[in-house]
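Single-letter residue listing:
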Amino acid sequence: QKEVEQDPGPLSVPEGAIVSLNCTYSNSAFQYFMWYRQYSRKGPELLMYTYSSGNKEDGRFTAQVDKSSKYISLFIRDSQPSDSATYLCAMIKAAGNKLTFGGGTRVLVKP
Amino acid sequence: GAVVSQHPSWVICKSGTSVKIECRSLDFQATTMFWYRQFPKQSLMLMATSNEGSKATYEQGVEKDKFLINHASLTLSTLTVTSAHPEDSSFYICSATRTGDEKLFFGSGTQLSVL
């Protein structure tokens, strides 16, 4: 079993809809959680960073962490075609450690 | 802030030659840099971790003599693919982190094609 599970998709939504992404993890030692967006043939771009259970909002993005359930989510409001990309969840136990990635979810936002 | 520059973005080389990829942190000092490899439609696979001034730590199954990593300064790490073969063709991505920071910042990646 992988340490971090993420549905590969693809997840197809119409423009303006809410995109809902999630990851589950098995190791309670993970303390810091990140969401990255990756366009084809580009490096991942950090979207959200959280370290405590609860919600964190940044513009159209909301990251949610539930450490008791070992479950994290990313919501994208008012989705745009430019949001079409692969979204990777990632988590780390402490600074300087290796980042553990989910497999990524491919998202398609149709105009 | 936290910009990581990777160069070149695309390289084609002949089988048997060596290729060097550079990764620079432009606006911060990167005590730790990571090198990843990514195959199409797959997630990132960590190859090695490098700390400034010390030898890189390679993941299991990664040949350290084929993938030479040098982290000579707090802003520069290089990956040299030695005696490249077609099976080394892949997308290589570097990332960097600041001391005490959990966040990783990624370069734009290098597509290597070995003919």
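Scroll up to find the structure.
The sections below set out a description of the structure shown in this document. Because the structure is predicted, anything quoted here is derived from the model rather than measured.

Helix and strand counts for chain A stand at zero helices and 11 strands. Mapped from its N terminus to its C terminus, chain A presents α and β elements in the order β-β-β-β-β-β-β-β-β-β-β. For 111 residues, the compact-globule estimate of 2.2 N^0.38 gives 13 Å, and the C-alpha radius of gyration of chain A, at 13 Å, lies within 12% of that figure. On the principal axes, the C-alpha backbone points of chain A span a range of 40 × 30 × 25 Å. Residues classed as buried in chain A amount to 41% of the 111 residues present. Pairs at least 24 residues apart make up 54% of the contacts formed inside chain A by residues separated by at least 6 positions. Total accessible area on chain A stands at roughly 5,400 Å², and carbon and sulfur atoms take up 47% of it. In chain A, the 13 positive side-chain charges and the 10 negative ones have mean positions that sit 7 Å from each other.

Right, let's get into the interface of chain B and chain A. Bring the parts together and some accessible area is lost; that lost area is often taken as the interface size. Across the boundary between the two partners, chain B contributes 22 residues, which contact 21 residues of chain A. Of the roughly 1,700 Å² buried where chain B meets chain A, counting both sides, 62% is carbon and sulfur surface. At the junction of chain B and chain A, the tally comes to one salt bridge. Across the pair B:Glu59 and A:Lys98 runs a salt bridge, and its minimum N-O distance is 3.2 Å. Applying the counting rule to chain B against chain A returns seven residue pairs in polar contact (both at pLDDT 80 or more). Top contributing element to the side of chain B that touches chain A by residue count: strand β4 (residues 32–38) of chain B, with three residues. Counted by class, the side of chain B that touches chain A contains 10 nonpolar, eight polar and four charged residues.

Turning our eyes to something else, we now look at the sheet that holds strand β3 (residues 19–25) of chain B. All names here are of chain B. Ordered by their spatial adjacency, four strands build an open sheet running β1-β3-β8-β7, and the pairing between neighbours is antiparallel. The two strands at the open ends of the sheet, each matched to only one other strand, are β1 (4–7) and β7 (67–73). Strand-to-strand twist in this sheet, taken as the mean axis angle between neighbours without regard to direction, amounts to 15°. In this structure, β7 lies alongside strand β8 (residues 76–81), joined through five bridges in antiparallel fashion. When the sheet's bridge partners are listed, Phe 67 is paired in β8 with Val 81.

The next subject is the pattern of salt bridges. Opposite charge on two side chains allows them to pair when their charged atoms are near. Residue and element names in this part refer to chain B. One pass over the full model with this rule turns up eight salt bridges over all chains. The shortest N-O distance in the salt bridge between Glu 22 and Arg 24 comes to 3.5 Å. Here Glu 22 falls in the partly exposed class, since its relative accessible area comes to 25%. Taken together, the salt bridges that share partners define one network made up of Arg 98, Asp 101 and Lys 103.

This next bit is on the sheet that holds strand β8 (residues 71–76) of chain A. Residue and element names in this part refer to chain A. In space, the five strands of this open sheet follow the order β1-β3-β8-β7-β6, with antiparallel pairing throughout. Edge positions in the open sheet fall to β1 (4–6) and β6 (54–58), since each of these has one partner strand only. The sheet shows a mean angle of 15° between the axes of neighbouring strands, direction not considered. Examined bridge by bridge, strand β7 (residues 61–66) and β8 share six bridges and lie antiparallel to one another. Pairing of Thr 62 across the sheet is with Phe 75, part of β8.

What counts and how
Residue numbers here run from 1 along each chain, matching the order of that chain's written sequence. Going through the entries in the order they are written, you letter the chains from A and number the ligands from 1. Reporting in this predicted model follows two pLDDT cut-offs: at least 70 for local features of residues, and 80 or more for side-chain atom pairs to be given and counted; totals over whole chains, interfaces and linings ignore these cut-offs and use all residues. As a rule here, side-chain values come from all non-hydrogen atoms in the structure, and water together with hydrogens is ignored. Put simply, DSSP H or I for four residues or longer makes a helix, DSSP E for two residues or longer makes a strand, and each gets a number counted from the N terminus. It is over C-alpha atoms that the radius of gyration is taken, and the globule rule equals 2.2 Å times the number of residues to the power 0.38. Each residue is placed in one exposure class: buried if its accessible area under a 1.4 Å probe, protein chains only, is under 20% of its type's maximum, exposed if it is over 50%, and partly exposed if it falls in between. In what follows, a contact means two residues having at least one pair of non-hydrogen atoms within 4.5 Å. What sets the accessible areas is the Shrake-Rupley method with a 1.4 Å probe; for residues, cover comes only from the shown protein chains. Charge counting treats Lys and Arg as positive and Asp and Glu as negative, with His and both chain ends excluded. Working definition for charges: the position is that of NZ of Lys, CZ of Arg, CG of Asp or CD of Glu. When two parts are brought into contact, each loses some accessible area as probed by a 1.4 Å sphere; the total of that loss over both is the buried area. Note on definitions: salt bridges are taken to be side-chain nitrogens of Lys or Arg within 4 Å of carboxyl oxygens of Asp or Glu. Pairs of N or O atoms within 3.5 Å make up the polar contacts considered here, provided that, within protein, one atom can donate a hydrogen while the other can accept it, and that residues adjacent in sequence are counted only when both atoms are side-chain atoms. Three classes are used, and their members are as follows: Ala, Val, Leu, Ile, Met, Phe, Trp, Tyr, Cys and Pro are nonpolar, Asp, Glu, Lys and Arg are charged, and the others, Gly among them, are polar. A strand pair is defined by DSSP finding two or more bridges across the two strands. To get an axis, fit a line to the C-alpha atoms, keeping to the stretch in contact for a helix; angles then go from 0 to 180 degrees between the N-to-C directions.

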